[in-house]
Amino acid sequence: MYIAALENHIIHDMSFVRYECKINKIPPDKKKKIYSLSTVKRMIATDHVPQFNGCQYCMSEYHLFDFTKLYR
């Protein structure tokens, strides 16, 4: 199962949660449960609005970093 934080658009993998994810600090009304990996992949795709991102700690293979933010 996966949890999507609706405030910052980050998706967490509940089978591989790390301390750094801070899942318990996400308010219950700002969480969305996702049950399949195919849904997660669709939400991370570039054409989904709003675009979600994988957590850098528990879903590092789906974490996308925008390097253009370094130069803004």
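Whatever comes next refers back to the structure up there.
Small disclaimer: the values here were computed from a predicted structure and weren't measured. Positions within a chain are numbered from 1, following the residues in the order the chain's sequence is written. Where totals are concerned, whole chains, interfaces and linings use all residues; where local detail is concerned, this predicted model gives features only for residues with pLDDT of at least 70, and gives and counts side-chain atom pairs only at 80 or more. As a convention, hydrogens and water are excluded, and side-chain values are obtained from all of the structure's heavy atoms.

When DSSP finds at least two bridges between two strands, those strands are taken to pair. Only DSSP runs of H or I with at least four residues qualify as helices, and only runs of E with at least two residues qualify as strands; both kinds are numbered from the N terminus onward. Spatially, 4 strands are ordered β3-β1-β2-β4 in an open sheet, and the strand pairing comes out mixed. The sheet is open, and its two edges are formed by β3 (31-34) and β4 (53-54), each paired on a single side. In the sheet, strand β2 (residues 10-13) pairs with β4 via 2 bridges, with the strands oriented parallel. Each residue of the ladder has a partner; that of I10, found in β4, is N53.

Our next topic: the pairing of β2. The buried label goes to any residue with under 20% of its type's maximum accessible area, the exposed label to any with over 50%, and the partly exposed label to all in between, with areas taken from a 1.4 Å probe on protein chains only. Residues I10 and H12 point to one face of β2 and I11 and D13 to the other, with burial holding for every one of them. Bridge count between strand β1 (residues 2-5) and β2: 4 bridges; the pairing is antiparallel. Paired with I3 across the strands is H12, a residue of β2. Between β1 and β2, which pair antiparallel one after the other, the connecting turn spans 4 residues, and H9 there sits at a positive phi close to 60°.

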